[in-house]
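# Structural overview
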Amino acid sequence: MIRPVSSRRDAIAGDLRSQITTGRLKAGERLPSEPDLAARYAVSLPTLRSALAVLQGEGLIEKVHGRGNFVRRPLRRITYVGGARCPDADTPADGALRVSIRTAKIRARGQLAVLMNVPVRKPLTEFICLAHEGKAPHSLARIYVPRDLAPADVPEESTLRFGALVSVGDLRSPLAEVQERVRVRLPTQEEASILRLGSAWAVLAITRVMTDAAGRVVEVAFLVFPGDHADAVFTTHHQIDGRRTEE
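A few points on the structure. Once a new chain begins, its residue numbering starts again from 1 and follows that chain's sequence as written. Side-chain atom pairs in this predicted model are given and counted only at pLDDT of 80 or more, local residue features only at pLDDT of at least 70, and totals for whole chains, interfaces and linings cover all residues. To obtain the side-chain values, all non-hydrogen atoms of the structure were used and water was disregarded.

## Observations concerning the packing of helix H2 (residues 34–41) against helix H3 (residues 45–57)
The packing of two helices is summarised by the inter-axis angle and the distance between the axes. Between H2 and H3, the least distance of the axes is 9 Å, while the angle of their chain directions is 105 degrees. By the angle between their directions, the pair H2 and H3 is classed as roughly perpendicular. Note on element contacts: H3 touches H2 through Leu45, Leu48, Arg49 and Leu52, opposite Glu34, Pro35, Leu37, Ala38 and Tyr41. We call Asp, Glu, Lys and Arg charged. Ala, Val, Leu, Ile, Met, Phe, Trp, Tyr, Cys and Pro are nonpolar, and the rest, Gly among them, are polar. Class assignment for the residues of the contact of H2 with H3 results in seven nonpolar, no polar and two charged. Interaxial angle, 0 to 180 degrees, is taken between N-to-C directions of lines fitted to C-alpha atoms, where a helix line uses only the stretch in contact. Strands here are runs of E lasting at least two residues and helices are runs of H or I lasting at least four, both read from the DSSP assignment and numbered beginning at the N terminus. Here roughly perpendicular refers to angles of 65 to 115 degrees, roughly parallel to angles under 35, roughly antiparallel to angles over 145, and oblique to all remaining angles. Residue contacts are defined here by distance: any two heavy atoms, one from each residue, within 4.5 Å place the two residues in contact.

## Comments concerning the side chain of His138
Mapping His138 onto the fold places it in strand E6 (residues 136–146). A relative accessible area of 0% places His138 in the buried class. Beyond its immediate sequence surroundings of up to four residues, His138 is in contact with Leu75, Arg76, Ile78, Leu97, Ala131, His132, Glu133, Leu195, Pro226 and His229. Remark: exposure states derive from per-residue accessible area (1.4 Å probe, protein chains only) relative to the maximum for the residue type, with buried under 20%, exposed over 50%, and partly exposed in between.

## Observations regarding the pattern of salt bridges
Take a side-chain nitrogen of Lys or Arg and a carboxyl oxygen of Asp or Glu: if they are within 4 Å of each other, that pair is a salt bridge. Tallied over the entire structure, the rule returns 11 salt bridges. Among the salt bridges present, the one from Arg172 reaches Asp148, with a minimum N-O distance of 3.9 Å. Taken together, the positions of Arg172 in the loop between strand E7 (157–158) and strand E8 (175–185) and Asp148 in the loop between E6 and E7 put the pair 24 residues apart, joining distant regions of the chain. Arg172 gets classed as exposed once you look at its relative accessible area, which sits at 74%. Across the salt bridge formed by Arg208 and Glu219, the nearest N and O atoms sit 2.9 Å from each other. Linking Arg208 in strand E9 (residues 203–212) with Glu219 in strand E10 (residues 217–226), this pair joins segments that are 11 residues apart in sequence.

Written out as structure tokens, the structure reads:
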């Protein structure tokens, strides 16, 4: 009797899952090539790839383009602190994330023009920030700033985290409001590729809009964190009888 494809897929995924969770396949280890695995399990390549997709969706393996499939290393948990502050700074300096930054001059369009509250084709500067922990991609940010407020000295590589790029001291009017919208959603195809995620793996997506006291939007940021190692913490301050308390 021929076993159903789904049964063979689940059996392969179960065997590889067991090898990973028991340590026989170690974090960072490269799996045998897909043709070799298909031959080992006596299945077709599509069936084998379906099994690997299950494990990728569970966060156990990652596919690196041109290199193969690897057992995924557990990533350090990151806490995003609301209010335009940086993510968790309690990590020792030697454990800091390395962030690569690409800068481009663009024109405001579509949703971005609406969020920035500027006319279409208004000059902006885009910062694409990809954080790595070791060799593994950790989180992604796209940050947009009016061209005249864009910092000129942002390095291509840094240990910066995803705090604000605009310097409050450079603003003509003081910063008045930081609005942050938090969503849990599936990654886009581009995000899944960059962060090496399965298409069914949820991400924490934060849209941050910073406005000064004159009503000008000085920065818009789209932040994406894989949901398995990200928390978002927001603190509300209340004034009671002249004393400030925190919730």
